[in-house]
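Report on the structure
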Amino acid sequence: MVALPLALAMGVSSGAGPIAGIYGAIFVGLFAALFGGTPAQVSGPTGPMTVVMAAIFTQYTSMFPDNPEYSAALAFTVVIMGGLLQIVFGLLKLGRFINLIPHPVISGFMSGIGVIIILLQLGPLFGHTAQPGPLASINAIPDMLAAPVTSALMMGGLALLIVYFLPKSINRILPSPLLALIIGTLVLFFWQGGEITNTMVDGKTLYMMGDVSVLGNIPTGIPSPSWPVFELELLVEMTKSALILAALGSIDSLLTSLVADNVTHTYHRSNRELIGQGIGNTVAGLFGGLPGAGATMRTVVNVRAGGLTPISGALHALVLLAIVLGAGGFTRYIPHALRAGIPVTVGSGL
């Protein structure tokens, strides 16, 4: 229940679409749990990994604007390469070096990622289209403030209120991000009558309910694997991007492993965790899913719910798959502004 709204939000934020976030949560969550070295850890798309993936996706989309399928294939090839590099990191036993990273460096890095996540959500939060980068979002702030879509802003504000101020007693039973999605979507549905229309903006189809954009139709079912695509002239750039994904995913996961150790009073196996995360990201890339890492909030929720073995992480992925296969009719009504409010709360907590 915690992973579903976050996966949807991360997928949209990356530019790859909500279904990519869901597939990432399923495949990374399943294989990292089965082959990783932190028993209680739950993995899936995270804020830092999504920010980097958004940059990669934007880069190849701008290179091949007339061939979006090819640009997406290149981006997911980078995900596959990053996963394979993580496996290599684990085999080379590089996991132990995580303890050498200074805390101020980690704190500054995570704070920067949090700011970027918030900036990227400002457009949808005010009822406008998402900007391609944080600087573009900053430049667009005057226009957003001058002409906000009131209905969308209300949806985003509702999400923020629920996530920040939901009583802990209720949050233990029903996670605040999921409750925000349910309440906000129902409010918009009955307010606007539930009819979705299509609008073309800059060559893209936007799904609207009244004057609020919604997710619209998303694919359901298990995707077919797509083999990697390589562009010889871009091989160096692809390798650099894969190294960034691999390094970031490794750091993100092992930091969460340390949190899991502290909560469960156990010790994780760093190198095995890197191998498990690498397998998960490799499979996710093959099936068009976002790259992921160990997710701190989802891991802590899992431990508090009594999940102390890899079975809990694997079951989370399988239950998420079952929900997605039967929830397509509901997710199409989720407003972008409401969805954008959830990453804002994630970014403020980094």
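Please refer to the structure placed before this passage.
About the cut-offs
- Per-chain numbering applies: the sequence of each chain, read as written, is numbered from 1 onward.
- With the structure being a predicted model, the display of local features is reserved for residues of pLDDT at least 70 and the display and counting of side-chain atom pairs for 80 or more, all residues being used for whole-chain, interface and lining totals.
- With hydrogens and water excluded, all non-hydrogen atoms of the structure serve as input to the side-chain values.
- The helix count covers DSSP runs of H or I at least four residues long, the strand count covers runs of E at least two residues long, and both are numbered beginning at the N terminus.
- When we talk radius of gyration, it's over C-alpha atoms, and the globule rule is simply 2.2 Å times the number of residues to the 0.38.
- Relative accessible area decides the class of each residue, using a 1.4 Å probe on protein chains only: under 20% of the type maximum gives buried, over 50% gives exposed, and in between gives partly exposed.
- Exposure was quantified through the Shrake-Rupley algorithm and a 1.4 Å probe, taking into account, for residues, occlusion by the shown protein chains and nothing else.
- For this count, His and the chain ends are skipped, Lys and Arg are scored as positive, and Asp and Glu as negative.
- A single reference atom marks each charge: NZ on Lys, CZ on Arg, CG on Asp, CD on Glu.
- Take the buried Ala, Val, Leu, Ile, Met, Phe, Trp, Tyr and Cys residues and link them wherever side-chain atoms come within 4.5 Å; each set so joined is a nonpolar core.
- Only heavy atoms matter for contacts: two residues are in contact if any of them lie within 4.5 Å across the pair.
- Think of each axis as a best-fit line through the C-alpha atoms, taken over the contacting stretch in the case of a helix, with angles from 0 to 180 degrees between the N-to-C directions.
- Angle categories: roughly parallel below 35 degrees, roughly antiparallel above 145, roughly perpendicular from 65 to 115, and oblique for all the rest.
- Crossings are classed by handedness, with left-handed meaning an anticlockwise turn of the near helix from the far one by less than a right angle and right-handed meaning a clockwise turn.
- Residues were grouped as follows: Ala, Val, Leu, Ile, Met, Phe, Trp, Tyr, Cys and Pro as nonpolar; Asp, Glu, Lys and Arg as charged; and all remaining residues, including Gly, as polar.
- Under the convention used throughout, the expected extent of a helix is 1.5 Å for every residue step, that is, one less than its residue count.
- Here a cavity denotes grid points, spaced 1 Å and computed from the protein atoms alone, that fit a 1.4 Å probe unable to get out, and a pocket denotes an open set having protein on both sides within 12 Å along at least 5 of 7 lines; residues with an atom within 4 Å of a point are the lining.
- Grid points are joined across faces, edges and corners, and a volume is the space filled by probe spheres set on the points.
- Take a side-chain nitrogen of Lys or Arg and a carboxyl oxygen of Asp or Glu: if they are within 4 Å of each other, that pair is a salt bridge.
- Aromatic pairing here means that ring centres of Phe, Tyr or Trp (its six-membered ring) are within 6.5 Å. Orientation follows from the plane angle: under 30 degrees is stacked, over 60 is edge-to-face, and everything else is tilted.

On a plain count of helices and strands, the protein comes out with 14 helices and five strands. Taken over C-alpha atoms, the radius of gyration comes to 19 Å for the protein, in line with the 20 Å a tight globule of 350 residues would show. With respect to the three principal axes, the spread of C-alpha positions in the protein is 55 × 55 × 40 Å. The burial tally for the protein puts 53% of its 350 residues in the buried class. In the form shown here, the protein has an accessible surface area of approximately 15,700 Å², with 68% of it arising from carbon and sulfur atoms. Each charge class in the protein was averaged separately, 12 positive and 12 negative side chains, and the resulting centres sit 19 Å apart.

One finds Leu-8, Ile-22, Leu-181, Leu-188, Met-209, Leu-320 and Val-324 to be the most contacted residues of the largest nonpolar core, which totals 41 residues. Elements with a minimum of two residues in this core: helix H1 (3-14), helix H2 (18-35), helix H7 (150-165), helix H9 (176-192), strand S4 (212-214), helix H11 (270-286), helix H13 (310-331) and helix H14 (336-348). Among the elements that make up this core, the one with the highest residue count is H2 (seven residues). Leave out the neighbours within four places in its chain, and Leu-188 touches Met-155, Gly-193, Met-209, Val-212, Val-214, Tyr-333 and Pro-335. Among the nonpolar cores identified, the runner-up in size contains 22 residues, and Met-10, Met-49, Phe-57 and Met-238 belong to it.

This part is about the packing of helix H5 (residues 103-125) against helix H6 (residues 134-146). Between H5 and H6, the shortest axis-to-axis distance is 9 Å and the interhelical angle comes to 45°. For the element pair H5 / H6, the angle class is oblique. Crossing hand, H5 versus H6: left-handed. Between H5 and H6, the residues in contact are Ile-116, Leu-119, Leu-120, Leu-122 and Gly-123 and Pro-134, Ser-137, Ile-138, Ile-141 and Met-144, respectively. Here the contact of H5 with H6 is composed, by residue class, of eight nonpolar, two polar and no charged.

To continue, consider H5. Between its terminal C-alpha atoms H5 stretches 32 Å, which fits the 33 Å expected from 23 residues at 1.5 Å a residue. Among the residues of H5, Ile-106, Met-110, Ile-113, Gly-114, Ile-117, Leu-119, Leu-120, Gln-121, Leu-122, Gly-123, Pro-124 and Leu-125 are the ones counted as buried. Among the structural elements, H1, helix H3 (47-63), H6, H7, helix H10 (235-264) and H14 are those in contact with the buried residues of H5.

Under the defined criterion, the tally for this structure stands at four cavities of 30 Å³ or more. A volume near 60 Å³ is recorded for the largest cavity. What lines the largest cavity is simply Met-10, Ser-13, Gly-47, Thr-50, Val-51, Ala-54, Ile-117, Leu-120, Gln-121 and Pro-343. Listed by contribution, the elements that provide at least two residues to the lining of the largest cavity are H1, H3 and H5. Counting residues per element, the lining of the largest cavity draws most heavily on H3, which supplies four residues. Of the residues that constitute the lining of the largest cavity, the class distribution is six nonpolar, four polar and no charged.

The subject of this paragraph is the side chain of Asp-261. With respect to the helices and strands, Asp-261 occurs in helix H10. Buried charge without a salt bridge: Asp-261, with Arg-269 as the nearest opposite-charge side chain at an N-O distance of 11 Å. When neighbours within four sequence positions are excluded, Asp-261 is seen to be in contact with Thr-266, Tyr-267 and His-268.

Turning to the packing of aromatic side chains, a few remarks are in order. What the rule picks out here adds up to seven aromatic pairs. Measuring from ring centre to ring centre gives 6.5 Å for Phe-57 and Phe-76, while their planes differ by 65°; the resulting arrangement is edge-to-face. With a gap of 19 residues between them, Phe-57 in helix H3 and Phe-76 in helix H4 (residues 68-91) connect regions that are remote in the sequence. Note on accessibility: Phe-57 and Phe-76 belong to one class, buried. Consider the rings of Phe-189 and Tyr-333, whose centres lie 5.1 Å apart with planes at 85°: the pair is edge-to-face. Highlighted residues: Phe-189 in helix H9 and Tyr-333 in the loop between H13 and H14, separated in sequence by 144 residues.

With that settled, consider the environment of Gly-313. With respect to the secondary-structure elements, Gly-313 resides in helix H13. Under the relative-accessibility criterion, Gly-313 is labelled buried at 1%. Note: C-alpha distance between Gly-313 and Met-155 (158 residues apart in sequence) is 31 Å. Setting aside anything within four residues of it in sequence, one finds Gly-313 in contact with Gly-29, Ala-33, Gln-41 and Val-42.

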